[in-house]
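An overview of the molecular structure
Spelled out from the first residue to the last, the chains are:
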Amino acid sequence: MFIQTEATPNPATLKFIPGRTVLDTGTMEFANREAAARSPLAERLFDVPGISSVFYGYDFVTVTKADGDWQHLKPAILGAIMEHYMSGAPLLADGTAGNDEAADEEGEFFNEADADTVATIKDLIETRVRPAVANDGGDITFRGFKDGVVYLNMKGSCAGCPSSTATLQHGIQNLLRHFVPDVVEVRPV
């Protein structure tokens, strides 16, 4: 098994590409060891000292470190990923092929009068923003829209990334303002 690694814009995060599908649809984020209990792979990765979060995309695993040097952490992470796939264990402990989409949509907030605007915003995020962000090992999902402000949840390599503010304010905000005149600002939640 050959696992590729890629740097991300976030120096605390590396993207690991195992050469196979990790998650069929959507994304999953494990922000701590307790959340990782539902995934044998995430649990193995949290066993590596210094790991602070794990994120699954379609064909990649993004790992964020709290401390330590990538030179020392990377071999242990590669070993954990390889062991998981060689063991044949399921991605999720209960054997399902779930993702975080239901939880993402559950906390959404916006006025029903803005439903058409929100639909356009979500479509732009889905078709133009998320594919680009996935290339960097992360994800951005819609959380809400109120008084012209779009609230987005940043995951994976995007969470805590030094360039995420620039991405939000210059990239995503400009895109949304261009296509949706009601948008005045984009903020992370």
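A few points on the structure. None of these values were measured; they are calculated from a predicted model.

Taken together, M1, M82 and M86 make up a surface patch of nonpolar side chains, about 280 Å² in accessible area. Structurally, the position occupied by M1 is in the segment before β1 (4-7).

Turning our attention to the nonpolar core. Ranked by internal contacts, the top residues of the largest apolar core, which has 26 residues, are L45, V54, Y56 and I77. For this core, the elements supplying multiple residues, two or more each, are β2 (13-17), β3 (28-30), α2 (40-46), β4 (51-56), β5 (61-65) and α3 (70-87). The leading source of residues in this core is α3, at six residues.

Below, the discussion takes up the sheet that holds β2. Strand order in the open sheet formed by five strands is β1-β2-β5-β4-β3, and the pairing between neighbours is antiparallel. The open sheet has two edge strands with one neighbour each: β1 and β3. Averaged over all neighbouring strand pairs, the angle between strand axes comes to 20°, with direction disregarded. Relative to β5, β2 is paired through four bridges, and the arrangement is antiparallel. Counterpart to F16 in the pairing with β5 is V61.

This part covers unusual backbone geometry. A positive phi angle, near 50°, is found at D147, a position not held by glycine. Note that D147 resides in the loop between β7 (138-146) and β8 (149-156).

Positionally, S53 belongs in strand β4. As a C-alpha pair, S53 and F30 span 23 residues in sequence and 5.7 Å in three-dimensional space. Setting aside its immediate chain neighbours within four residues, S53 contacts F30, A31, F46, T62, V63 and T64.

A few words on the pattern of salt bridges. Two side chains that carry opposite charge are able to pair once their charged atoms sit near each other. Taken as a whole, this structure holds seven salt bridges when the rule is applied. With a closest N to O distance of 3.1 Å, R33 and D47 form a salt bridge. With R33 in helix α1 (residues 33-36) and D47 in the loop between α2 and β4, this residue pair connects regions lying 14 residues apart in the sequence. D47 gets classed as exposed once you look at its relative accessible area, which sits at 53%. Put simply, E126 and R130 hold a salt bridge, and the shortest N to O gap is 2.8 Å. Note that E126 and R130 are positioned in helix α5 (residues 115-135) at a spacing of four residues, about one turn of the helix.

Inspection of the entire model under this criterion finds four aromatic pairs. For K15, the ring lying beneath its charged end belongs to F60, and the centroid distance is 4.7 Å.

What follows covers the sheet that holds β7. Where strands meet in a sheet, backbone hydrogen bonds hold them as pairs that are either parallel or antiparallel. One open sheet holds the four strands; their spatial order is β6-β7-β8-β9, and the pairing between them is mixed. Among the strands making up the open sheet, the edge pair consists of β6 (109-110) and β9 (185-188).

About the cut-offs
- Residues numbered from 1 in each chain as written.
- Predicted model: local features only at pLDDT ≥ 70, side-chain atom pairs only at ≥ 80, totals over all residues.
- Heavy atoms only, no water.
- Patch = residues over 30% accessible without salt bridge, like charges linked within 9 Å, V, L, I, M, F, W, Y side chains within 5 Å.
- Areas by Shrake-Rupley, 256 points an atom, 1.4 Å probe, with all protein chains shown as cover.
- Salt bridge = Lys/Arg side-chain N within 4 Å of Asp/Glu carboxyl O.
- Helix = DSSP H or I, 4+ residues; strand = E, 2+ residues; numbered from the N terminus.
- Core = buried A, V, L, I, M, F, W, Y, C linked by side-chain atoms within 4.5 Å.
- Buried < 20%, exposed > 50% of the residue type's maximum accessible area, 1.4 Å probe, protein only.
- Pairing = 2+ DSSP bridges.
- Axes fitted to C-alpha atoms, helices over the stretch in contact; angles between N-to-C directions.
- Contact = heavy atoms within 4.5 Å.
- Phe/Tyr/Trp six-rings, centres within 6.5 Å; stacked < 30°, edge-to-face > 60°.
- Lys NZ or Arg CZ within 6 Å of the ring centre and 35° of its normal.

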